[in-house]
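Below, each chain spelled out in residue letters.
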Amino acid sequence: MLKKLGFTKDVLMKYLIICIGSEAIYFMYAIKNVLYNPYREMLGLTNAQLGFVLSMMGMIAFFGGIPSAWVLNRFSARKLMSLNLIITGITGIYMTSGLVTYGGMLVLGVIWGFSMEAFYWGAVTKSVRCLAPDDRQGIAFGTMELLRGLTNFVLSSLATAIFVGVGETVFGIKIALGGAAVFLIVMGIVTYIVVPEEQFLQAETSAGKNKESLEGVIKCLKMPQLWLIGFMGMGVYAVYMGCSYFLPFLEEVMAVPVALVAVFGIASSNWVRMISGPVSGFAANTIFKTSASLMRTLFAVGIVFLAIIIAVPKTSSLVWPVTILLILLQVVVYMLRGVYYAPIGEAGIPKNISGSAMAVAILLIQSPMIWGFAVYGTIIDSFKPSEAYNYIFIIMLALYGVGFVASVILCKIIKRKGTKIETE
């Protein structure tokens, strides 16, 4: 593993700390995917109120990505990761205190939008990009998905065990989340101690560093490679969001039995994610040589799968073939997610502006948060099920088409320019 990643034992330890923290921080709300009703009851919120809190978080996360392009260049990833882990842990303790109100949760939604997303995730990707050699970016990001999936599996299993162990009461989920909050604070301290203090800014004064950081943002915005990477990731993210409608599609259109739907749900959860991420990372670096080249192939495969799903009759006799195709499409999605930040390093974007590069890429990649669920939901409400889901699959196909074209152009640029980009 060390040889494949290009890490020493010391760097591997830093990498593991970053990866574990990068998943643990989301557990404060992601536990709802396992224990939704107990989580909601603990907070004393209605379904609509909880949904609004999460929507608030999503909006802050997206628009917070605009200033983060400067913040991630101006401040070290070590400081940003450590501070945001500690802030999230402290707010998590408040959340489990029994004193939380709807208004308080709305404030938490705003704080989490910054501490979990806008000012944190970019710092994580910046750290991984800087730790891994340029020719090991795919493996580093792909393996990170495996480690994040394992972290989520362990935390979810522990929380469920605690919840059941204390009699399936709200008190159980408070204990689980309270322990997770303390863990985040500890991880924040460990991150500050273990992760190196990278500093690429050359200016010595605060004003000079502010100016230099802004210049880095402007340089990034002028790079066509970064925009292509953003459009590639945007297509992946939008299709990933659409995957949440696969289960209702199977139930409403294909009339799939509950047992088979459960099998699909299990196959397309963390296990697909944990397997697909590292596979795509190793394939990118050992077979395709670059993640951009792998993504080009995966986009093409995804387009073929979607075209078949759209074309085949939605009859009970084709339940198994369609279900298998959906699972394979999920594999493609998670393989793409495993490496869609890797081209930033492979395309030669300098490390001294990698913070801004990651922020700009994340802003583009996560832009479907603004419209994705609204568009998909409106389509489902406006047409009968068979037509609605077909339209959603067509949108997915078009998005993968955009990603494929962008990846073809990016591969040509990388082949022509190699890993050197003129930033002046």
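Residues numbered from 1 in each chain as written. Predicted model: local features only at pLDDT ≥ 70, side-chain atom pairs only at ≥ 80, totals over all residues. Heavy atoms only, no water.

Participant: Please clarify how the overall build of the chain should be interpreted in this entry.
Facilitator: Check the secondary structure of the chain and you find 22 helices and zero strands. Residue burial in the chain is summarised as follows: out of 424 residues, 54% are buried. In the chain, once contacts between residues fewer than 6 apart in sequence are set aside, the share between residues at least 24 apart is 84%. Summed over all atoms, the accessible surface of the chain reaches about 17,400 Å², with 70% contributed by carbon and sulfur. (Helix = DSSP H or I, 4+ residues; strand = E, 2+ residues; numbered from the N terminus. Buried < 20%, exposed > 50% of the residue type's maximum accessible area, 1.4 Å probe, protein only. Contact = heavy atoms within 4.5 Å. Areas by Shrake-Rupley, 256 points an atom, 1.4 Å probe, with all protein chains shown as cover.)

Participant: I'm lost on the packing of helix α5 (residues 47-63) against helix α6 (residues 65-74) in this one. Help?
Facilitator: Angle between the axes and distance between the axes: these two values describe a pair of packed helices. For the pair α5 and α6, the least separation of the axes is 5 Å and the interaxial angle reads 50°. On the basis of the axis angle, α5 is oblique to α6. Contacts from Ala 61, Phe 62 and Phe 63 in α5 reach Gly 65, Ile 66 and Pro 67 in α6. (Axes fitted to C-alpha atoms, helices over the stretch in contact; angles between N-to-C directions. Parallel < 35°, antiparallel > 145°, perpendicular 65-115°, else oblique.)

Participant: Help me out: how do you make sense of empty space enclosed by the protein in this one?
Facilitator: The gaps left among the atoms become clear once a water-sized probe is rolled over them. Within this structure, the stated rule accounts for three cavities of 30 Å³ or more. In terms of lining residues, the largest cavity is bounded by Ala 61, Phe 62, Gly 65, Ser 68, Leu 72, Glu 117, Ala 118, Gly 122, Ala 359, Ile 362, Leu 363 and Gln 366. Put simply, the parts of the chain that give the lining of the largest cavity at least two residues each are α5, α6, α8 (102-118) and α20 (354-365). (1 Å grid on protein atoms, 1.4 Å probe; cavity = no way out; pocket = protein on both sides within 12 Å on 5 of 7 lines; lining within 4 Å. Points joined across faces, edges and corners; volume = space filled by probe spheres on them.)

Participant: Please clarify how the environment of Ser 276 should be interpreted in this entry.
Facilitator: Its location among the elements puts Ser 276 in helix α16 (residues 270-286). Setting aside its immediate chain neighbours within four residues, Ser 276 contacts Val 331, Tyr 334 and Met 335.

Participant: Would you mind going over a nonpolar patch on the surface with me for this structure?
Facilitator: A cluster of nonpolar side chains, contributed by Met 59, Phe 63, Ile 66 and Ile 370, occupies part of the molecular surface with about 370 Å² of accessible area. Using a relative accessible area of 53% as the deciding quantity, one classes Ile 66 as exposed. (Patch = residues over 30% accessible without salt bridge, like charges linked within 9 Å, V, L, I, M, F, W, Y side chains within 5 Å. Salt bridge = Lys/Arg side-chain N within 4 Å of Asp/Glu carboxyl O.)

Participant: When you look at the nonpolar core in this model, what are you seeing that I'm missing?
Facilitator: Most often, soluble globular proteins keep nonpolar side chains buried together rather than apart. Core analysis: the biggest nonpolar cluster contains 127 residues, and Tyr 15, Tyr 39, Met 95 and Phe 393 have the highest contact counts within it. No other element matches the twelve residues that helix α22 (residues 385-417) contributes to this core. Ignoring any residue separated from it by four or fewer positions in sequence, one finds Tyr 39 in contact with Met 28, Tyr 29, Ile 31, Lys 32, Leu 50, Met 95, Trp 112, Ile 173 and Leu 177. (Core = buried A, V, L, I, M, F, W, Y, C linked by side-chain atoms within 4.5 Å.)

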